[in-house]
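# Architecture and fold: a report
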Amino acid sequence: MTSPRVNLDGVEVSPDHFINGRRVDSSHTFEDRSPLDWSWKLADVARGTTLEAHDAVGAALDAFPAWAAFGVEGRGAFLDRLAELIDANIERIAHVECLDMAMLEDSLRLRVIARGARNFRAYAQLAREYEARRWSSNGTDNVVLRHPAGPTVVITPWNAPFMLSTWKCAPALAAGNTVVLKPAEWSPLSCSLLMDLVDEAGFPPGVFNLVQGFGEEVGAALVNDPRARRISFTGSPETGRIIGEAAAKNLVPFTAELGGKGPFIVFADADLDAAAKMAAVMFDDGGQVCLAGTRLLVEASIFDDFVERFRVETSQHVIGDSRHEATTISPLIHPEHFARVKGFVERARAHGDTVLFGGEEVSRQGLWYQPTVIEPLSNNSEVVQREIFGPVLTLQRFENEDEAVELANSTKYGLSAVIYTSSQKRAVRVGEKIRAGTVWVNCFLVRDLTAPFGGIGISGVGREGGDYALDFYSDLTTLQIKEGTTHG
Ligand code: NAD
């Protein structure tokens with residue numbers, strides 16, 4: 001059975017799963033609402049169970065041998081076609097994702113959805129270009145071979161769901177694996193549009209499947225299925241631990257890209273206007289960005305000067321409807337998340353931290369929260385040590401480079417860091433000491449898809465990106481041939 005498509009401002013979206021090349025509904029649904037107007041129900045989405053999880057992994061398993069046998073050229077043609085279709089549908093996907101998670105529509109339209117297309121194109125090409133690593137040692141010639149690993153379960157979070165899902169599915173498919181994707185229940189619709197394009201691109205049934213539903217139900221069934229040969233997860237450290245246990249139980253390789261609490265370090269020799277402008281960018285999309293530098297660490301000698309510039313930059317933000325071009329601060333995704341963010345600020349006040357600006361909800365009718373900056377009582381304050389995932393930054397001062405590094409490395413997270421300095425020597429010296437998967441100097445969110453990406457500490461397990469991802473999604477074999485073995 002299938003459910004009727006819902007019409008969202010002219011874009012038709014299926015609320016169903018996509019299993020074995022077909023739309024399939026479930027006996028139960030869940031409500032998906034828009035953070036732009038919580039009274040607006042976008043869809044009743046299929047609520048998957050162990051049944052759909054079982055069917056989807058089964059379809060992926062059946063489709064696997066033929067997909068693996070296509071080889072990198074054959075698979076690449078499908079991925080390139082999918083990339084073309086994404087590019088041709090950017091406006092539609094961006095609009096639906098904006099309604100569903102309230103990310104700024106312009107940024108989705110101009111950058112984020114196109115990154116999805118780039119993910120498929122780039123991994124198709126990287127897989128084609130792979131030259132088996134070869135070297136001689138101990139009287140043997142060594143060759144590293146990549147083999148497709150099997151059905152891959154991909155579980156993604158609610159922020160930037162389309163881009164983050166394609167970031168994982170593209171290398172898995174390019175490596176020759178078949179995929180079951182489960183997006184988050186708070187923003188399930190843009191990934192459903194992706195499945196229409198998978199269908200249009202002519203992917204064989206079962207190669208790329210989608211199941212919708214709650215993490216504790218269908219998500220848990222997927223990651224516990226012993227037929228899955230890879231699990232790739234993006235989300236919170238708490239869920240990462242649970243999924244890691246399931247992976248360990250079945251001895252399945254697993255990567256996890258988890259939460260962040262990045263430092264944003266401003267040295268006295270930095271271009272302070274540029275640093276203040278970029279610091280204010282951390283509020284974009286309501287601060288619901290894992291890579292954001294949410295702990296501002298500012299050198300004491302320029303502290304007041306920087307804070308004033310930062311305050312001016314922050315006041316330029318426009319809180320509003322994410323569909324409008326002028327808006328820079330979108331609402332938070334869900335009332336539960338809104339209450340969580342608000343709770344952090346309330347506890348900070350009660351604990352004696354100082355709210356320098358913001359610290360209030362914008363209106364009682366919506367999910368918007370003011371850009372907020374808190375000067376903590378100490379580095380142990382909860383707002384410094386825990387990821388808030390909202391428009392709330394902390395502000396601390398440091399006296400010298402050593403103290404900046406010590407503060408930067410003082411949380412359990414290690415996803416990303418931002419450094420502003422005009423000295424290249426300092427940038428390298430400090431950058432080498434920061435414990436984070438990615439360190440940006442005088443920039444933010446610049447990404448090369450071939451670079452390793454992931455987190456240290458509770459920010460992640462393993463690395464994706466470029467050959468790191470293709471290696472992860474492959475079974476590697478080292479072929480060792482004794483030198484002198486005759487040819488022919
Ligand atoms: P979450 O951990 O609550 O959920 C993520 C996904 O896991 C969802 O699809 C959910 O349904 C599923 N899930 C939940 N319980 C499960 C279970 N028991 N078994 C299987 N699946 C389960 O995270 P979220 O609230 O959706 O996302 C926000 C978090 O994601 C933040 O911590 C953020 O920093 C992190 N994040 C990290 C990155 C990165 O690249 N490192 C990128 C984006 C978001």
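Residues numbered from 1 in each chain as written. Predicted model: local features only at pLDDT ≥ 70, side-chain atom pairs only at ≥ 80, totals over all residues. Heavy atoms only, no water.

Tallying each qualifying case throughout the model produces 2 cavities of 30 Å³ or more. Here the largest cavity is characterised by a volume of approximately 70 Å³. As for the largest cavity, its lining consists of Gly260, Lys261, Gly287, Val289, Cys290, Ala292, Thr294, Glu387, Ile388, Phe389, Gly390 and Val392. Its residues assigned to classes, the lining of the largest cavity shows 6 nonpolar, 4 polar and 2 charged. When its volume is computed, the second largest cavity comes out at roughly 50 Å³. (1 Å grid on protein atoms, 1.4 Å probe; cavity = no way out; pocket = protein on both sides within 12 Å on 5 of 7 lines; lining within 4 Å. Points joined across faces, edges and corners; volume = space filled by probe spheres on them. Nonpolar A, V, L, I, M, F, W, Y, C, P; charged D, E, K, R; others polar.)

A word on the site of the ligand. The environment of the ligand is formed by 29 residues, the closest being Glu185, Ser236, Thr239, Leu258 and Glu387. One nitrogen or oxygen atom from the side chain of Lys182 is found 2.9 Å from an oxygen atom belonging to the ligand. Within the backbone of Gly215, one N or O atom sits 3.2 Å away from an oxygen atom of the ligand. A total of 850 Å² of accessible area belongs to the ligand in isolation, and the protein chains cover 90% of it. Listed by contribution, the elements that provide at least two residues to the shell around the ligand are helix H7 (215–224), strand E12 (230–234) and helix H8 (237–249). Looking at the shell around the ligand residue by residue, the class counts come to 15 nonpolar, 10 polar and 4 charged. (Near = heavy atom within 4 Å. Polar contact = N/O pair within 3.5 Å; in protein donor to acceptor, adjacent residues only side chain to side chain. Areas by Shrake-Rupley, 256 points an atom, 1.4 Å probe, with all protein chains shown as cover. Helix = DSSP H or I, 4+ residues; strand = E, 2+ residues; numbered from the N terminus.)

On to helix H3 (residues 90–101). Counted at 1.5 Å a residue, the expected span for H3 with its 12 residues is 16 Å, and the 16 Å between its end C-alpha atoms agrees. Within the sequence span of H3, burial applies to Ile90, Ile93, Ala94, His95, Val96, Glu97, Cys98, Leu99, Asp100 and Met101. Directly after H3, the chain includes Ala102, whose backbone phi takes a positive value near 70°. (Expected span 1.5 Å × (residues − 1). Buried < 20%, exposed > 50% of the residue type's maximum accessible area, 1.4 Å probe, protein only.)

Partitioning the protein into structural domains gives domain 1 (6–258 + 455–478) and domain 2 (262–441). Domain 1 and domain 2 are separated by 30 Å when their C-alpha centres are compared. Counting from both sides, the interface comprises 28 residues of domain 1 and, opposite them, 29 residues of domain 2. Regarding the contact of domain 1 and domain 2, the summed buried area is about 2,300 Å², with carbon and sulfur atoms giving 66% of it. When the buried area of domain 1 at its contact with domain 2 is split by residue, Leu104, Trp186 and Ile456 rank highest and sum to 27% of it. On the surface where domain 1 and domain 2 come into contact, there are 0 salt bridges. Taken together, domain 1 and domain 2 are joined by 10 residue pairs in polar contact (both at pLDDT 80 or more). Residue assignment for the side of domain 1 that touches domain 2 shows that the elements contributing at least two residues are strand E6 (37–46), H3 and helix H4 (105–129). Grouping the amino acids of the side of domain 1 that touches domain 2 by side-chain chemistry returns 16 nonpolar, 7 polar and 5 charged. (Domains from an automatic or database assignment. Contact = heavy atoms within 4.5 Å. Buried area = accessible area lost by both parts, 1.4 Å probe. Salt bridge = Lys/Arg side-chain N within 4 Å of Asp/Glu carboxyl O.)

Let us now look at the nonpolar core. Membership of the largest hydrophobic core comes to 103 residues, with the highest contact counts inside it found for Ile86, Phe120, Phe203, Phe208 and Phe310. Of the residues forming this core, the biggest block, 10 residues, is contributed by H4. Built from parts of two domains, this core gets at least three residues from each of domain 1 (6–258 + 455–478) and domain 2 (262–441). For Ile86, the residues in contact, after removing those within four places along its chain, are Ile93, Ile113, Gly116, Ala117, Phe120, Phe162, Leu194 and Leu197. In terms of nonpolar packing, the next biggest core, distinct from the first, is built from 24 residues, Ala53, Ala59, Val218 and Ala256 among them. (Core = buried A, V, L, I, M, F, W, Y, C linked by side-chain atoms within 4.5 Å.)

Once that is clear, we can look at the packing of helix H1 (residues 50–69) against helix H2 (residues 71–88). Running from amino to carboxyl end, H1 crosses H2 at an angle of 110°, the nearest separation of the two axes being 7 Å. Compared by their axis directions, H1 and H2 come out roughly perpendicular. Packed against H1, whose contacting residues are Trp67, Ala68 and Ala69, the element H2 presents Gly71, Arg75 and Phe78 at the interface. Looking at side-chain class alone, the contact of H1 with H2 contains 4 nonpolar, 1 polar and 1 charged residues. (Axes fitted to C-alpha atoms, helices over the stretch in contact; angles between N-to-C directions. Parallel < 35°, antiparallel > 145°, perpendicular 65-115°, else oblique.)

Turning our attention to the packing of aromatic side chains. Under the defined criterion, the tally for this structure stands at 18 aromatic pairs. Centroid distance Phe264 to Tyr420: 5.5 Å. Interplanar angle 10°. Geometry classified as stacked. Pair noted here: Phe264 is in strand E14 (residues 262–266) and Tyr420 is in strand E19 (residues 416–420), with a separation of 156 residues, a long-range link. Looking at Phe264, the relative accessible area reads 0%, which means it is buried. Relative to Tyr473, the ring of Phe472 has its centre 4.8 Å away and its plane inclined at 70°; by these criteria the two rings are edge-to-face. In this structure Tyr473 comes out as buried when scored by relative accessible area, which is 0%. (Phe/Tyr/Trp six-rings, centres within 6.5 Å; stacked < 30°, edge-to-face > 60°.)

Positionally, Val318 belongs in the loop between helix H10 (303–315) and helix H11 (335–351). For the pair formed by Val318 and Glu361, sequence separation is 43 residues and the distance between their alpha carbons is 14 Å. Those residues in contact with Val318 that sit more than four places away from it in its chain are Ala326, Thr327, Thr328 and Ile329.

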